[in-house]
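Single-letter residue listing:
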Amino acid sequence: MIVTRFAPSPNGPLHLGHAFSAIVAHDLAKARGGRFLLRIEDIDGTRSRAELADEFRADLAWLGLEWEEVPAQSTRLDAYAKAADKLRREGLLYPCRCTRGEIAAAATKVGPDGPVYPGTCRGASADPVQAAWRLNVAEALRRTGPLSWLDEVAGEQQARPELLGDVVLVRKEPETPASYHLAVTIDDAADGVTLVTRGMDLFPATHVHRLLQALLGLAVPTWHHHPLLLDETGHKLAKRRGSPSLADRRHAGEDGRALADSLRAGRLPAGITLGEGLSRQP
Ligand SMILES: [Zn+2]
């Protein structure tokens, strides 16, 4: 059975881009008789606001979506710590205390998420106190051998986690112990997600997630990366001054089901366009 999910972080209200992403995941599951899950990604301890999660549920209901809610990330901290311990024991993680500025100054490559960490602390045994822990990607890939993954739109992809460099798996902030990469990979496996749907902006991250699945012995889903809604400047739609959130629209009495149907049909509000999607590779 197909299982998809929508996994928002309660650090700001949902906007049209979120609605589109939720509808894609919902409709892909429902069209094939599957399950659509909601997971609240609330481990950013400094920015998460519990009351926003209630707004999210109201937003999804207003859009006419039906979902099953699975445990929030904050209930899984032990699982993240266990996974990090395993990788640490296997010598695949190393501590790093480099600052953003130091990394930007030392980086020689720019990846999809900005300057690629140049591996300054790899093999240097930095003081682990208040350090982030990074994955030694080259060593990890040496142990797993070549990996591939399947995007149901673009077809089979060779995993190239080196594009993102040695990513952080354990953040230095104790209140947010796991990075997005580690938490989401463990969650999707724990929730039995079989089709990971998300925006094109996360396509490169999938290379890393496929590697983590191999290292942690997790089930491997299929992915569906959908185009993003873009603003007038061609950037990913985000909450901007003056652009109403879903909650604003809901409170103003707008018809959420009609909005959802417009998004499905590609009828977008003025100034918003749908970005480029994937095409099947030869
Ligand atoms: Zn470092």
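A quick note: this is a predicted structure, and the numbers were derived from the prediction, not measured.

A. Representation of the overall build of the chain within the structure. Secondary structure assignment for the chain yields nine helices and 14 strands. Taken against the 2.2 N^0.38 rule, which gives 19 Å for 282 residues, the C-alpha radius of gyration of the chain at 19 Å falls within 12% of a compact globule. A buried classification covers 50% of the 282 residues belonging to the chain. Total accessible area computed for the chain in this model is approximately 13400 Å², and 52% of it derives from carbon and sulfur atoms.

B. Fine view of the side chain of Thr4. The topology assignment puts Thr4 in strand S1 (residues 3–6). You can call Thr4 buried: its relative accessible area is 0%. In contact with Thr4, other than residues within four places in its own chain, are Ala25, His26, Ala29, Arg35, Phe36, Leu37, Val193, Leu195 and Thr197.

C. Region of the structure containing helix H7 (residues 205–216). Its twelve residues place the ends of H7 17 Å apart at the C-alpha level, agreeing with the 16 Å of an ideal helix rising 1.5 Å per residue. Residues Ala205, Thr206, His207, Val208, His209, Arg210, Leu211, Leu212, Gln213, Leu215 and Leu216 constitute the buried set of H7. Looking one or two places after H7, you find Gly217, whose phi comes out positive at around 65 degrees.

D. Layout of the packing of aromatic side chains. Enumeration according to the criterion identifies two aromatic pairs in this entry. Between Trp149 and Trp223, the ring centres sit 5.5 Å apart and the planes meet at 70 degrees, which makes this aromatic pair edge-to-face. Placement of Trp149 in strand S8 (residues 148–151) and of Trp223 in strand S12 (residues 222–226) is noted, with a sequence separation of 74 residues between them. Across this residue pair, the class does not change: Trp149 and Trp223 are buried. Within the aromatic cluster, the residues linked to one another by ring pairs are Trp149, Phe203 and Trp223. A cation over an aromatic ring shows up here: Arg88 above the ring of Trp133, its NZ or CZ 4.3 Å from the ring centre. Sitting over the ring of Tyr117, Arg134 keeps its end group 3.7 Å from the ring centre.

E. Examining the pairing of strand S7 (residues 132–135) more closely. Covered by surrounding structure in S7 are Ala132 and Arg134 together with Trp133 and Leu135, the residues of both alternating faces. Note that strand S4 (residues 93–96) and S7 share four bridges and pair antiparallel. Bridging across to S7, Tyr94 finds its partner in Arg134. Pairing between S7 and strand S10 (residues 168–170): two bridges, direction antiparallel.

F. Examining the sheet that holds S10 more closely. With respect to topology, three strands assemble into an open sheet ordered S4-S7-S10, the strand pairing being antiparallel. Across the chains shown, the open sheet's two edge strands, defined by having one partner strand only, are S4 and S10. Neighbouring strand axes in the sheet, compared pairwise and without regard to direction, differ in orientation by 45 degrees on average.

G. Geometry of empty space enclosed by the protein. By the definition in use, this model includes one cavity of 30 Å³ or more. Empty space within the largest cavity amounts to approximately 30 Å³. For the largest cavity, the full set of lining residues is Val184, Thr185, Asp188, Val196, Arg198, His209, Gln213, Pro221 and Trp223. Counting only elements with at least two residues in the lining of the largest cavity, the list comes to helix H6 (180–190), strand S11 (195–199) and H7. Ranked by residues supplied to the lining of the largest cavity, first place goes to H6 with three residues.

H. Summary view of the coordination of the zinc ion. Around the zinc ion, the protein contributes the donor atoms Cys96 (SG), Cys98 (SG), Tyr117 (OH) and Cys121 (SG), at 2.1 to 2.3 Å from the metal centre. Coordination at the zinc ion comes from four donor atoms whose angles at the metal span 99 to 122 degrees, giving a geometry best classed as tetrahedral. Here the donor residues of the zinc ion are spaced in sequence according to C-x1-C-x18-Y-x3-C. Separated by 23 residues along the polypeptide, Cys98 in the loop between S4 and helix H4 (100–106) and Cys121 in the loop between strand S6 (114–115) and S7 bring together distant segments of the chain. For the residue pair Cys98 and Cys121, the accessibility class agrees, reading buried in each case.

Here is what the cut-offs are and how they apply
- Residues numbered from 1 in each chain as written.
- Predicted model: local features only at pLDDT ≥ 70, side-chain atom pairs only at ≥ 80, totals over all residues.
- Heavy atoms only, no water.
- Helix = DSSP H or I, 4+ residues; strand = E, 2+ residues; numbered from the N terminus.
- Rg over C-alpha atoms; globule rule 2.2 N^0.38 Å.
- Buried < 20%, exposed > 50% of the residue type's maximum accessible area, 1.4 Å probe, protein only.
- Areas by Shrake-Rupley, 256 points an atom, 1.4 Å probe, with all protein chains shown as cover.
- Contact = heavy atoms within 4.5 Å.
- Expected span 1.5 Å × (residues − 1).
- Phe/Tyr/Trp six-rings, centres within 6.5 Å; stacked < 30°, edge-to-face > 60°.
- Lys NZ or Arg CZ within 6 Å of the ring centre and 35° of its normal.
- Pairing = 2+ DSSP bridges.
- Axes fitted to C-alpha atoms, helices over the stretch in contact; angles between N-to-C directions.
- 1 Å grid on protein atoms, 1.4 Å probe; cavity = no way out; pocket = protein on both sides within 12 Å on 5 of 7 lines; lining within 4 Å.
- Points joined across faces, edges and corners; volume = space filled by probe spheres on them.
- Donors = N, O, S within 2.8 Å, 3.2 Å for Na, K, Ca; no water.
- Tetrahedral: all angles 85-135°; square planar, octahedral: opposite > 155°, others 65-115°.

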